[in-house]
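# Working through the structure, step by step
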Amino acid sequence: MGRGAAAVTGRRGGVHVNRTEPLVLGIETSCDETGIGIVRGRTLLSNTIASSMEEHARYGGVVPEVAARAHLEALQPAIDAALAESGVALADLDAVAVTSGPGLAGALMVGVGAAKALAVSLERPLYAVNHLVGHIAADVLDLDAHASLSPDRPQGKLEYPTVALLVSGGHTALLLVRDLTGDVELLGETMDDAAGEAFDKVARLLGLPYPGGPEIDRAAAAGDPAAIAFPRGLSRASDMAKHRYDFSFSGLKTAVARWVEQREAAGEPIPIPDVAASFREAVVDVLVTKAIAACRDHDVPRLLLGGGVIANRRLRDVAIARAAEAGVEVRIPPLSLCTDNGAMIAALAAELIMAGRAPSTFAFGADSTLPVTDIQVAEGPA
């Protein structure tokens with residue numbers, strides 16, 4: 001499929017770039033999922049994900065070296081599958097995009113190297129972007145070709161400003177998004193374990209398999225969320241002055257461990273459903289309370305939820321209910337676009353292109369601690 005000449009408004013490296021509906025291939029390798037996505041402007045054409053989760057399950061968590069090797073093995077097949085699903089060829093692409101960070105350094109290096117090689121071989125511009133901002137960009141995609149993925153999605157365009165709550169295995173953060181391509185502010189983040197990590201660790205304490213999130217969810221379905229009064233981290237009045245939008249789940253994890261140890265020492269059975277439900281409720285309560293507070297404090301009537309932990313049904317239900325009480329609209333991308341994926345990276349790059357931003361130079365690498373304020377890295381001259 002060739003690019004329509006009428007829509008061409010730019011040229012990079014001797015190649016026409018469609019700035020109205022750029023066709024972009026995105027590469028995401030920040031953790032254990034090899035994501036290749038293809039978008040045309042804001043239309044999703046392919047979202048291909050190869051997960052190495054089963055390889056990590058034997059270790060009870062993600063092993064960086066295993067993840068990097070799995071990316072190497074999965075990249076080419078994933079690219080081929082994405083191209084086949086989208087019906088486009090590499091020669092049709094307007095640009096290549098890749099996650100520069102944050103994430104696991106070794107895993108990121110695989111994606112960055114592949115993206116640079118692809119951009120050079122195709123003589124196409126390269127956009128190096130932020131993984132966390134990519135989660136927000138997932139919500140701009142038009143899912144006409146994948147409508148079944150989002151039956152409950154609010155209609156209409158994402159408006160600004162928007163508060164975004166991103167919750168995943170490696171990240172828990174509250175962001176104030178004034179402009180997806182130019183103004184994202186970090187309001188708060190986790191000071192220790194991310195919410196997803198806490199789910200994995202508590203699941204291990206309860207003898208449940210990895211990954212912990214779905215297992216805790218299943219166990220909690222038969223439990224009482226009010227059975228055990230587990231602590232809500234950084235929620236006391238004394239914490240709110242300095243850490244109003246920050247999160248801490250390490251103390252909660254320790255509280256669960258101590259409670260289980262005390263029951264075992266007393267020779268009493270462990271009510272796993274009640275523990276799981278009470279733990280999950282504590283996590284959800286903190287996440288939603290701080291997110292709604294951010295909306296209220298900044299007078300923003302919109303909350304976007306993103307990240308793999310959003311798959312937790314209880315989190316979504318509580319967020320929607322409390323937001324409705326506060327007069328806040330909740331937006332949730334399709335769950336397939338909440339986990340790490342290449343489509344969100346391609347979508348963010350497409351937004352940058354349509355906003356007239358220059359591509360990245362090759363003077364960037366994998367940045368495991370890339371700040372969320374760096375939406376695009378190594379942007380070249382206009």
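Look a little higher up for the structure.
Residues numbered from 1 in each chain as written. Predicted model: local features only at pLDDT ≥ 70, side-chain atom pairs only at ≥ 80, totals over all residues. Heavy atoms only, no water.

## Topic: the pattern of salt bridges
Oppositely charged side chains can pair when the atoms bearing their charge come close. So the rule is basically this: Note on definitions: salt bridges are taken to be side-chain nitrogens of Lys or Arg within 4 Å of carboxyl oxygens of Asp or Glu. Every helix listed is a DSSP run of H or I at least four residues long, and every strand listed is a run of E at least two residues long, numbered separately from the N terminus. When a residue's accessible area, from a 1.4 Å probe over protein chains only, is under 20% of the maximum for its type it is buried; when over 50% it is exposed; and in between it is partly exposed.
Scanning the model with the defined rule gives 17 salt bridges in all. A salt bridge links R302 to E159, with the nearest nitrogen and oxygen atoms 3.9 Å apart. Within this pair, whereas R302 is found in strand β11 (residues 302-306), its partner E159 is found in the loop between α4 (131-137) and β8 (162-167), the two being separated by 143 residues in sequence. Here R302 falls in the buried class, since its relative accessible area comes to 12%. D193 is paired through a salt bridge with K201; the nearest N and O atoms lie 2.9 Å apart. K201 sits in the partly exposed class, given a relative accessible area of 28%. A cluster of three or more residues bridged by salt bridges with shared partners is formed by R178, D183 and E185.

## Remarks on the sheet that holds strand β7 (residues 126-130)
Rules: Two strands make a pair as long as DSSP finds a minimum of two bridges between them. Residues count as neighbours in contact if any of their non-hydrogen atoms are within 4.5 Å of one another. Inter-axis angles, ranging from 0 to 180 degrees, are taken between N-to-C directions of lines fitted to C-alpha atoms, where helices are fitted over the stretch in contact.
Across the sheet, which stays open at both edges, the six strands sit in the order β5-β4-β3-β6-β7-β13 with mixed pairing between neighbours. Here the strands that pair on one side only, and so sit at the sheet edges, are β5 (43-51) and β13 (376-377). In this structure, strand β3 (residues 23-28) lies alongside strand β6 (residues 95-101), joined through four bridges in parallel fashion. For I27, the partnering residue across the bridge sits in β6 and is V98. Sheet contacts for helix α3 (residues 105-122): β3, β6 and β7; angle to β6, the most-contacted strand, approximately 160°.

Honestly, it's all geometry; don't read function into it.
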